[in-house]
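The residues making up each chain are set out below.
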Amino acid sequence: MDIVGLLLDVGPSMGFTDQDGNSCLEKSKNILSMLVQRKIFSESDDKVCLFTYGSTGTANELASGNNYEHISMERDLRKADWGLCSHIQNTIQATDHEVDFMDALIVTSTYLINQINSINDKKEKKKISEGRRLIMVFSNLDNPVATDVAEMKDIIEGFKDNKIEIHFIGPNLSSAAVEDDNQPGPSTGASNSSNGGHSKAKTDNQIKCESIAQEIIQTLDGCAYDFREALAAVSVFENKQKNSTAWSPDLIIGEKLRIPISGYKMVSRESLPSFKKCSARNPDEDITKKFDTFLPDGTNTEVDKEDIIKGYRYGTDLVPFTDDDMANMKFKCDVREFSVIGFTKSSNIKRHYFAGKDTMMIAAKKNNEEAAVALSALCTALKETETVGIVRKVYSARSSPTIGALIPVTDAEVEYLVFIELPFIEDMRELEFPSLAVEPSSSSKSAPSQQQLDAVDSLIDAMDMSAQPEDDDSVVPCKMKNPTLQRLYQVLAARALDDTCHIPELSPMISNIVNSTAYSCRWIDRDQEEFSKLFTLETAAKTAKKNNDNVYKDSGVAPSKVDEKGDGAGFDSTNLRDLNQEEITEIGTIDPARDFDQMLRSPKLAIKAYTGMTERILQFITETVGSSLYEKALRCIKKLRAAAVKSNDQELLEIVNHFFSSMKSLLLNKGPKDFWAELIKEKITPIDKDEASNSDVSAADKNSYLSEIEKVSAPAEPEPMEDADDMLDMI
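These lines cover the structure that appears in this document, whether it is placed above or below.

What counts, and where the lines are drawn
Residues numbered from 1 in each chain as written. Predicted model: local features only at pLDDT ≥ 70, side-chain atom pairs only at ≥ 80, totals over all residues. Heavy atoms only, no water. Pairing = 2+ DSSP bridges. Helix = DSSP H or I, 4+ residues; strand = E, 2+ residues; numbered from the N terminus. Axes fitted to C-alpha atoms, helices over the stretch in contact; angles between N-to-C directions. Core = buried A, V, L, I, M, F, W, Y, C linked by side-chain atoms within 4.5 Å. Buried < 20%, exposed > 50% of the residue type's maximum accessible area, 1.4 Å probe, protein only. Contact = heavy atoms within 4.5 Å. Phe/Tyr/Trp six-rings, centres within 6.5 Å; stacked < 30°, edge-to-face > 60°. Lys NZ or Arg CZ within 6 Å of the ring centre and 35° of its normal. Salt bridge = Lys/Arg side-chain N within 4 Å of Asp/Glu carboxyl O. Parallel < 35°, antiparallel > 145°, perpendicular 65-115°, else oblique. Nonpolar A, V, L, I, M, F, W, Y, C, P; charged D, E, K, R; others polar.

Now for the sheet that holds strand β6 (residues 223–226). A sheet is described by the order of its strands in space; here 6 strands give the open sequence β3-β2-β1-β4-β5-β6, paired in mixed fashion. If you trace the sheet from one side to the other, it starts and ends with β3 (71–79) and β6, each paired once. Strand-to-strand twist of the sheet, defined as the mean angle between neighbouring strand axes without regard to direction, takes the value 15°. As defined by bridge partners, strand β5 (residues 164–170) adjoins β6 across 4 bridges and the pair is classed as parallel. Bridging across to β6, G170 finds its partner in D226.

As structure tokens, this is what we get:
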């Protein structure tokens with residue numbers, strides 16, 4: 001845990017505007033704001049305080065009389081939050097008061113030491129002792145200095161004794177003073193190019209203050225950044241820092257050999273953070289989730305948790321699973337395991353076999369010399385024989401087993417194994433492609449010429465990232481920031497400071513990551529014309545898309561084409577997924593319309609498809625809870641009706657029209673009558689001769705379908721029971 005004091009100069013010299021139109025104070029506030037945001041997003045435990053010197057008022061522990069005036073504590077020592085960020089952006093303004101920055105350093109350091117000494121919690125004290133004590137000064141150092149040399153040396157020694165680091169953010173302190181009569185101001189001012197972008201020459205006060213700052217930096221091993229360097233450094237947001245926890249099973253080889261090891265995650269894909277605590281108004285408040293389930297019956301009837309059961313799709317039906325079923329169906333491992341199945345040549349483990357989302361380093365267990373010797377011997381043997389170990393890994397008793405490769409890494413300083421997950425046979429995809437001729441002498445059209453091969457070699461050499469400067473992080477893949485995360489942080493920061501603002505434009509830093517042209521510009525201008533000549537591109541003729549007509553042209557039945565009106569009656573064009581899936585032989589409850597289309601593609605299943613669809617529709621109508629399945633039933637009726645009209649098949653039309661008659665009788669006699677109202681509203685009727693010539697329903701019958709009331713036959717009166725006297729007479 002770091003203890004950080006932010007010290008901001010708000011004196012009159014900070015209001016000077018540079019060539020870019022921004023004052024030193026505005027630049028400092030932007031850098032401070034970005035710095036605070038980085039700590040918020042990284043969920044850092046660091047504690048931060050903010051002091052300003054040159055302020056209108058005075059608010060500090062050492063103020064007395066005329067001593068330490070115009071130095072104010074803007075924010076006490078605590079974790080960074082959006083309140084501090086908003087205060088920096090909206091409250092702090094430049095003033096007309098000048099203050100010796102050494103006085104401000106004394107006030108800030110004294111406050112930090114007092115706060116550290118007042119902490120009684122042992123764990124927190126330990127964290128602080130392991131962290132840094134840092135003061136960051138944001139100033140152009142154009143202030144009068146009243147501290148004499150002897151006193152200043154004692155102050156710097158005091159900083160050193162208290163282990164305080166001091167960093168300066170402002171003009172470039174490394175610039176040397178040069179004589180330049182063309183610049184305004186004193187003749188001892190430094191040139192523009194060496195002054196961090198400032199167009200104003202350095203004053204006598206600046207030169208003196210920078211000399212003191214350099215002495216402080218050398219004594220305390222501090223740092224100095226100009227505004228440009230500092231802004232570039234904090235423009236990239238940081239994720240939460242995560243420590244890799246050791247996973248400590250035994251590496252099992254055979255029945256008797258066990259090597260105590262510890263595994264640490266080396267590489268793991270970073271997911272989007274949840275910000276459960278960052279998004280809360282009160283960071284200390286517990287945040288809980290509550291889920292409620294309601295029926296879509298118009299009144300939003302709530303369903304109790306006990307009445308909800310999980311269901312999984314199996315084919316076209318939903319199969320329910322209770323919690324007991326879920327517990328019993330899971331593959332269970334008794335204990336965690338890391339056992340060697342066997343060994344194989346490293347050439348057998350292809351690069352494209354690497355799977356999983358993380359990479360684990362396997363080292364000998366700490367403070368176990370026997371384990372270190374055994375693991376070292378194993379690493380050396382694998383390296384010399386060019387083999388890898390194939391292991392079965394079970395992370396915990398609740399985890400599913402995985403298979404992976406143990407790859408040795410040996411050098412003069414360290415030896416360890418790297419575990420990389422491998423796929424099971426079910427994870428593999430067999431893809432077949434025609435082979436490409438790679439020899440230039442080949443007569444194949446796909447064989448490249450020697451000139452083309454040379455051009456590609458030249459391209460690779462021109463874009464070789466290993467030849468770039470080591471400090472150029474923009475072209476080093478392992479140092480590139482994830483633009484998705486950076487964009488998320490940028491938008492969240494903007495909305496956190498102003499919840500009414502529009503989504504900000506993409507920052508230049510993120511644009512540079514996304515735009516790969518910046519990396520390839522070194523060779524595009526030079527080689528683009530040559531590549532265009534050597535690799536000519538031609539527009540390929542579009543292959544006719546297979547549809548139902550040409551795929552099933554030998555079936556004897558011409559399936560319908562896609563319905564352009566969008567009534568859902570037509571068939572979708574055949575695609576790879578349709579051809580690869582198993583044949584559907586009945587209408588399911590999940591997606592009956594799709595099942596109906598699939599069955600109609602086989603002429604022998606047409607009648608079964610129509611009758612099955614009518615049964616499903618009646619099931620949706622009669623077994624629904626409220627009106628939750630009415631919409632699905634109406635879609636199925638429209639699909640069934642439209643398909644029958646297009647087919648104009650007499651037998652299929654009879655099935656559909658008979659279904660309409662049966663459905664009407666059911667709805668009016670037994671209900672639900674509210675679905676009959678839906679049919680009237682949608683004006684869904686049987687199919688008459690005007691729509692399909694082979695239909696046996698007239699236009700008059702169709703028009704009277706929705707207006708005619710089904711006659712309900714009166715129940716027959718029961719025959720009277722013979723009384724006892726009649727029965728005796730009969731005897």
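The next thing to look at is the nonpolar core. With 38 residues, the main nonpolar core has F596, Y610, I617, I637, M663, F675 and L679 as its most contacted residues. Non-local contacts of M663, meaning those with residues more than four positions away in its chain, are made with I621, I637, F675, L679 and Y705.

Here the structure, examined in full by the defined rule, presents 11 aromatic pairs. Geometrically, the ring pair formed by F101 and F168 is edge-to-face, given 6.1 Å between the ring centres and 80° between the ring planes. Here F101 is found in helix α3 (residues 101–117), whereas its partner F168 is found in strand β5, with 67 residues between them in sequence. Pairwise contacts between aromatic rings join W247, F338, Y395 and F419 into one cluster. K393 extends its terminal NZ or CZ atom over the ring of W247, reaching a point 5.4 Å from the ring centre.

One pass over the structure, following the stated rule, counts 18 salt bridges. Here K47 makes a salt bridge to E124, at a shortest N to O gap of 2.5 Å. Here E124 lies in helix α4 (residues 122–130) and K47 lies in strand β2 (residues 47–53), a separation of 77 residues in the sequence. The salt bridge involving K702 is made with E691; its shortest N-O contact spans 3.1 Å. With K702 in helix α21 (residues 699–704) and E691 in the loop between α20 (673–682) and α21, the pair connects residues that are 11 residues apart, well separated along the chain. Overall, K702 belongs to the buried group, its relative accessible area being 18%.

As for its position among the elements, N143 is in the loop between β4 (133–138) and α5 (149–161). Between the C-alpha atoms of N143 and V99, which are 44 residues apart in sequence, the distance is 6.4 Å.

What follows deals with the side chain of R616. By the element assignment, R616 lies in helix α17 (residues 606–622). Discounting chain neighbours no more than four positions away, the residues touching R616 are D317, I587, G588 and T589.

Where helix α2 (residues 82–90) meets helix α11 (residues 483–497), the closest approach of the two axes is 10 Å, and the angle between their N-to-C directions is 75°. Classed by the angle they form, the pair α2 and α11 counts as roughly perpendicular. Across from W82, C85 and S86 in α2, the residues of α11 making contact are A493, A496 and L497. When grouped by side-chain class, the residues that make up the contact of α2 with α11 number 5 nonpolar, 1 polar and no charged.

This part is about the pairing of strand β17 (residues 415–422). The side chains of a regular strand alternate, first on one face of the sheet and then on the other. Among the 8 residues in β17, 6 count as buried, and that is most of the element. Pairing of strand β14 (residues 358–364) with β17, which is carried by 4 bridges, proceeds in the antiparallel orientation. In the sheet register, M360 faces β17, and the bridge partner there is F419.

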